[in-house]
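Next come the chains, spelled out residue by residue.
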Amino acid sequence: MLKIRLIPTLLWKQFGLVKGKSFKSDRRVGPYLPAIKVYNQRDVDELIFLDILGYENNHEIDYDMISNIGYNCFVPLTIGGGITKIDQVQKLLRNGADKISLNTSVYTNKNLISQIAKKNGTQCVVISIDVRKKNHKEWICYSHSGQFDTGIEVSEWAKEVEALGAGEILLTSIDNDGTMKGYDLNLIEKIANTVNIPLIASGGAGK
């Protein structure tokens, strides 16, 4: 029987965790430590922590916060948001991250994927791909927390990041995000048949 990995994603925005719908994340849900402790007790397989405003100019990664998260998280931890340089990656790994999630920055700096994979192994690199449905057969990648249409078709981007050294893909349907109506199974099947690396399905879980 296929072993299902349960990987919650925590979304950080400025001063707290948020939940949203279709990437409109205005509802605050509180601080991160209580959430992490709950997930520790529920024996999740991994945890993903994303700073959803990390793409903003002059953004500085809060390494003290990451260190605190890493200290209190008892499962493999992926950190993302605002990562643009290899030295940031190394500092995050030293402060408790097990993997690094990249999204907006790699649309303009693809070499960062290969740099991280070469230095730390492909298992360290998780590429987050956020998509909106264009028609019943096509999905387009969005950057900047779903705000910017890159014009790139999802399967082409998935193949490219795999070739560059991505070890996993976190695939999120913006349309289904927060609806609790289920995953976009056509999207998931399309990318699962496109790449040979692990695929994390995100967006729409409800039961």
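Higher on the page you've got the structure.
A quick note: this is a predicted structure, and the numbers were derived from the prediction, not measured.

Colleague: Any chance you could explain the layout of surface pockets here in plain terms?
Modeller: Taking a probe equal in size to a water molecule and rolling it over the atoms shows the remaining empty space. A volume near 160 Å³ is recorded for the second largest pocket. Along the walls of the second largest pocket sit 15 residues, with Trp12, Asp51, His59, Asp62 and Met65 positioned nearest its centre. Only strand S4 (47-51), helix H2 (63-72) and strand S5 (77-80) provide two or more residues apiece to the lining of the second largest pocket. Its residues assigned to classes, the lining of the second largest pocket shows eight nonpolar, four polar and three charged.

Colleague: Where do I start with empty space enclosed by the protein in this structure?
Modeller: Summed over the entire model, instances satisfying the criterion amount to one cavity of 30 Å³ or more. Here the largest cavity is characterised by a volume of approximately 40 Å³. In terms of lining residues, the largest cavity is bounded by Leu171, Ser173, Tyr183, Asp184, Leu187, Ile188, Ala201, Ser202 and Gly203. Sorting the residues of the lining of the largest cavity by element identifies strand S10 (168-173), helix H6 (185-192) and strand S11 (199-202) as the ones contributing at least two each. For the lining of the largest cavity, a count of residues per class yields five nonpolar, three polar and one charged.

Scoring rules and cut-offs
Residues numbered from 1 in each chain as written. Predicted model: local features only at pLDDT ≥ 70, side-chain atom pairs only at ≥ 80, totals over all residues. Heavy atoms only, no water. 1 Å grid on protein atoms, 1.4 Å probe; cavity = no way out; pocket = protein on both sides within 12 Å on 5 of 7 lines; lining within 4 Å. Points joined across faces, edges and corners; volume = space filled by probe spheres on them. Helix = DSSP H or I, 4+ residues; strand = E, 2+ residues; numbered from the N terminus. Nonpolar A, V, L, I, M, F, W, Y, C, P; charged D, E, K, R; others polar.

Take it as geometry only, folks, not as evidence of what the structure does.
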